[in-house]
Amino acid sequence: MDPFDNINNDHASLPRNMIENSMFEEEPDVVDLAKDSAAFPAFPALEPEEVVYEPRSSRLLVRGLGEAELDDEEEDYESSARLLGMSFMNRSSALRPSSSPYTRQALPRSCSRPSGRTMVVCVFILVLLVSISMVLYLLPGCTFTKAGCHKSNSSTPMELVFPKATNGKLFPWTERRLPASVRPLNYDLSLTPNLTTMTFTGHVVITMAIQHDTKRIVLHSATLNITKATFKLGGAEAMQVEVLEYPAWQQIAVSFPEALRAGQTCELSLGFSSSLSHAYDGLYNSSYTDQSGARRVLAATQFEPLAARKAFPCFDEPSFKATFLIRVIREPGYISLSNMPKSKTSLLSGGLQEDEFERSMNMSSYLVAVIVADFTCVSRNVSNTLVSVYSVPDKKEQTHFALDTASSLLLFYNSFFDINYPLKKLGEHTHTDHTLSHTHRPPPPELLLCVCVCVCVCVCPTDLVAIPDFLAGAMENWGLITFRETSLLVRNQSSPLDKQLVASVIAHELAHQWFGNLVTMRWWNDLWLNEGFATYMQYLSLDRQLPQLDAGNVFLKVRLEAMAKDALNSSHPVSTQVTSPEQVEEMFDSVSYEKGASILLMLNASMPDGQFRKGIIQYLSRFSGSNTVTDDLWNSLTQAQVPAPSESVSAMMNTWTLQKGFPLVTATLQGRNLTFTQEHFLLSADNNTQTSSLWHIPITYVSDNCSSAPSCSNMFMLKNKTATVELPSSALWVKLNYRNTGFYMVHYGDQGWAHLTDALNTNISTLTDQDRASLIHNIFALSRLGRVTFRQVLSLMSYVINETETAPVLEGLSQLRTVYHLLDKRQEQGLASRMKGYILEVFRPAMDGQGWGEEVSVSRQEQRSALLEAACALGLQNCTQQALLLFNQYSAPNSTTRIPGDLQGVVYRAGAQTDAGWDFLLQAYGHASDAAEKRRLLRALASTQDARRIVWVLRAGLLGQDIQTQELPLVVSAVSDGFAGHLFAWDFVQQNWDQLLEKFPVGSYAIQSIIKSTTSQFSTQAHLEQVQAFFSSLKQKGSQMRSVLEATETIRLNQRWVDRILPTLQRWL
């Protein structure tokens, strides 16, 4: 098929489809009860928890009503009046007549004028009387009477303005967050996905406990058609009830004429139906093509953060934990998987089969998972837990590395947390069907192979599942962890870099089984308790258990990258308030993940050996099965320390979690006196932006007297703006943040930078490779801030020509290429060309030293891949010639040439620049079965500089037929990297924004990635104005996203930085 059949010219218009996003529609219609209470005589009296008050500080009066005091619970609800458009007015204006029947008579001119003293006295008395009257009148809990303040206030309670449900009746709740009056105890859930019609039906019985007297039950439901609803209180008969729906906030409710009493239990039974989602959340359909060319379909779930409500009605907030008993009705050609082991399978009429799973532990709704597919698995018994890895049948041989890795990491976590894997899914499982009824013993510890089809007996609990069509990298569903194929499957001959990626993702998701599943954050504002911990543990576990994968360089890289986002004024605290769905989605960013992990690393490094682990064990044990807030973690870490610390952990760590950004520490050395001064490192386009933020910083430092060994490092806790320490002896220079374990930037002053530059040029080993990488990162960041000149930057970079270690090589190369891309996209062609020459000059020795054969070391593969990719992209002739030679050998008919995995990207991109090579790669992409190789092929296809092919690959990623839509963010990123493609990518985003929101939720990581890829290299006023105009026009469809603020702020900073360094570049280069 010619991929360009539908493109008539090089400037073919891109597809556009205006789709309304119902989640973020206009404010709801409202009815003002105070305006005409007679219109709703049967509406039940308001409950105390439903009454919404303004804060004490505002003292506003609601139409026709009096004042009332607030208690703590009522203050939580004060925002609902503003959200729903409640109108306020002054009480006195209602009593004031619009006109008077009397007219004032003119005073005779002969009247004497009172003296000034008399007027002053009269005015004083009048003011005094009015003030006394107002004080008495406004006394809380008092109504003014002739006898004084003896009568309690009997004003009518404040009334809410309720939104309308879909049937026109009043919806009895006014908050996005659910009321706390009812808590779910158990869900009895049945789902029947139809993989022919791509629909599903379901039924759920929710057992609930009444926490407070209430006349309504409110829960979540989205895109579901409620077909039947009954309610049963205690042992009474079930009765049919009316379900009110409010789609704007994805809520449904049932109201009752009589209050449900605290302590009672009840059941709400709901039947529902819907279509399988065509996006990547809720219960969605997916497909793949097998080796015979047949298309296979499946259904899978992705509920985090807010999509369980799209699969079944539920209390879809993390704090509403409950148990789940799940049944799945399926066709006999498929298997079903869920969080728990399957307890039995039954035959139903029509040939369908029902799988019933054991009741789960208490867990949040976003952790529920269901899959219906034709997968196969390999399994192993590990420490009384059965670990299984599932894939499509054709890729079963790619699951063994994941099984080995998961088994090894599970043993590590069991030991480190001192709590065995918390979800026991191994034991005696009874299986019953129409022909069999017996008990299965646990499988032996040796490797098990199981092909799960039809009604065969197969026990594969604790599951890791590779899904062909999956947007996220992975999802930690309790007992049923789902992955992208690239995040779980590798061949035996795959690159060590591919294996490092797979191991990292597995380590992250297994850590979640403790952090996130066993102990869960109470609300999404503390998402970092889940994601920051899992990120930190993934690198800690790999370092301890699989050191050959050399994950330390990756951890350093992501910590440095996280600082770029957190240095912006548009960043946010680690723990920050979130309310709307898009705000929740945007919490899944580098601040929650990488910054969260970074501050945990810093905390661990500052505590005595073993104390951090001891506190973590105490935290997990104490809050097992519960929900927590950040202070619960700090308290556990404080209590675990022996002897007791001089200050609590929260006193230190709240400075890192409750305020955005991080500090810049300036080190001034005078003889033996070392002075530290801290300030907020803030890259602001407004030079006048200042903050008074202070952090408790565990500063580590070394000097030229002793600089590389761990024993050389000293620590000082900086709590104030400035402090001075005395060194044991005079030093020529100091280096702060030893091995970059702290999350702060360092400035050494002109003299300090000069001494460090001289030291590295004299002896490169005087500092560790992590310290050399952090110096490079810091000086580029300080150049953006305006604290150092770009001449100083280039002076430090002069030592890199002798650099051989991966971390500093990759950091220096990345920073210089960023400058090159800014110049290139700004069309400063002369300077861009000279910058290209400078990069090749600095890194030419390292580039020339790379081979093109197999490489065993993961670190060396990282370095080789980055260096050769840069060399070929910058036009180094011997690199492009060698890459094309390998590509021609690989693409020759009947070729058996194999390209090493870390070089595939370089070679494929070189081949993609020719017509024949691009066509070959497109065909190879369609037939590739290795998921990692498939992504490298796709990135190469998107690197083309041909306009027609750029348009095609973007369109294909959006349509999802030739290229999976899950890969669209990667496609946009790869296209944006090229000079020819970056404007195409930006135009594509503008023209197809509505379709992008149909595929990916507003604020999701995919949308964040697309915005960053297409705008981060802009540095001109014209582009800034264009980006601002486009996003401003979106209104409810994304204009308020934090990622939009980051985009415009980044463009301003790019513009300022390039303008500042241009003169230096012109002279220096």
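Coordinates for the structure precede this section.
What counts, and where the lines are drawn
- Residues numbered from 1 in each chain as written.
- Predicted model: local features only at pLDDT ≥ 70, side-chain atom pairs only at ≥ 80, totals over all residues.
- Heavy atoms only, no water.
- Helix = DSSP H or I, 4+ residues; strand = E, 2+ residues; numbered from the N terminus.
- Buried < 20%, exposed > 50% of the residue type's maximum accessible area, 1.4 Å probe, protein only.
- Contact = heavy atoms within 4.5 Å.
- Areas by Shrake-Rupley, 256 points an atom, 1.4 Å probe, with all protein chains shown as cover.
- 1 Å grid on protein atoms, 1.4 Å probe; cavity = no way out; pocket = protein on both sides within 12 Å on 5 of 7 lines; lining within 4 Å.
- Points joined across faces, edges and corners; volume = space filled by probe spheres on them.
- Nonpolar A, V, L, I, M, F, W, Y, C, P; charged D, E, K, R; others polar.
- Phe/Tyr/Trp six-rings, centres within 6.5 Å; stacked < 30°, edge-to-face > 60°.
- Lys NZ or Arg CZ within 6 Å of the ring centre and 35° of its normal.
- Pairing = 2+ DSSP bridges.
- Axes fitted to C-alpha atoms, helices over the stretch in contact; angles between N-to-C directions.
- Salt bridge = Lys/Arg side-chain N within 4 Å of Asp/Glu carboxyl O.

Tell me about the overall build of the protein chain, and please be specific about residues and values.
Scanning the protein chain from terminus to terminus reveals 30 helices and 34 strands. Residues classed as buried in the protein chain amount to 57% of the 1069 residues present. In the protein chain, the share of contacts with a sequence separation of at least 24, taken over all contacts with a separation of at least 6, comes to 73%. Summing over all exposed atoms, the protein chain offers an accessible surface of approximately 44,200 Å²; the carbon and sulfur share of this is 51%.

How would you sum up helix H16 (residues 790-797)? Please name residues and give values.
In terms of burial, H16 is a largely internal element, 6 of the 8 residues being buried. On its buried side, H16 packs onto helix H14 (749-762), helix H15 (769-785), helix H17 (806-825), helix H18 (829-848) and helix H30 (1042-1068).

Outline empty space enclosed by the protein, listing residues and values.
Inspection of every chain in the model, using the stated rule, returns 6 cavities of 30 Å³ or more. Taken as a whole, the second largest cavity encloses approximately 140 Å³ of empty space. If you trace the second largest cavity, you find 14 residues lining it, with Arg176, His220, Arg309, Thr579 and Pro581 closest to the centre. Looking at side-chain class alone, the lining of the second largest cavity contains 5 nonpolar, 4 polar and 5 charged residues.

Please set out the layout of surface pockets residue by residue, giving values where relevant.
Here the idea is plain: a probe the size of a water molecule rolls over the atoms and shows the empty space left. In this model, the second largest pocket occupies a volume close to 1,400 Å³. If you go around the second largest pocket, you meet 49 residues; those closest to its centre are Tyr288, Thr289, Lys934, Gln961 and Gln964. For the lining of the second largest pocket, a count of residues per class yields 17 nonpolar, 18 polar and 14 charged.

How would you explain the packing of aromatic side chains if you had to name every residue and give the values?
Scanning the model with the defined rule gives 45 aromatic pairs in all. Between tyrosine 619 and phenylalanine 623, the aromatic rings sit 5.7 Å apart at their centres with planes inclined by 55°, giving tilted as the arrangement. When its relative accessible area of 2% is taken as the criterion, tyrosine 619 is described as buried. For phenylalanine 623, a relative accessible area of 11% puts it in the buried group. On the numbers, 5.7 Å between centres and 85° between planes, the contact of tryptophan 986 with phenylalanine 1030 is edge-to-face. Placement of tryptophan 986 in helix H26 (residues 982-991) and of phenylalanine 1030 in helix H29 (residues 1021-1032) is noted, with a sequence separation of 44 residues between them. Across the pair, exposure class does not vary: tryptophan 986 and phenylalanine 1030 are buried alike. In this structure, arginine 177 packs its charged tip against the face of tryptophan 523, placed 3.8 Å from the ring centre. Sitting over the ring of tyrosine 925, lysine 934 keeps its end group 4.2 Å from the ring centre.

Run through the sheet that holds strand S14 (residues 335-338), naming residues and quoting values.
Taken in spatial order, the 4 strands line up as S11-S12-S17-S14 in an open sheet, and their pairing is antiparallel. Edge positions in the sheet fall to strand S11 (282-289) and S14, since each of these pairs with one other strand and no more. Sheet twist, expressed as the mean angle between neighbouring strand axes with direction ignored, is 15°. Here strand S12 (residues 295-302) runs beside strand S17 (residues 370-373); their pairing, made up of 2 bridges, is antiparallel.

Could you give me a rundown of the pattern of salt bridges, with the residues and numbers involved?
The tally for this structure, following the rule as stated, stands at 36 salt bridges. Linking glutamate 356 and arginine 327 is a salt bridge whose minimum nitrogen-to-oxygen distance equals 3.2 Å. Note that glutamate 356 is positioned in strand S16 (residues 353-357) and arginine 327 in strand S13 (residues 323-330), a separation of 29 residues in sequence. Across the pair, arginine 327 and glutamate 356 agree in class, each one buried. If you follow the salt bridges from partner to partner, you end up with Asp188, Arg327, Lys344 and Glu356 in one network.

Geometric descriptors of this kind do not, in isolation, establish any biological role.
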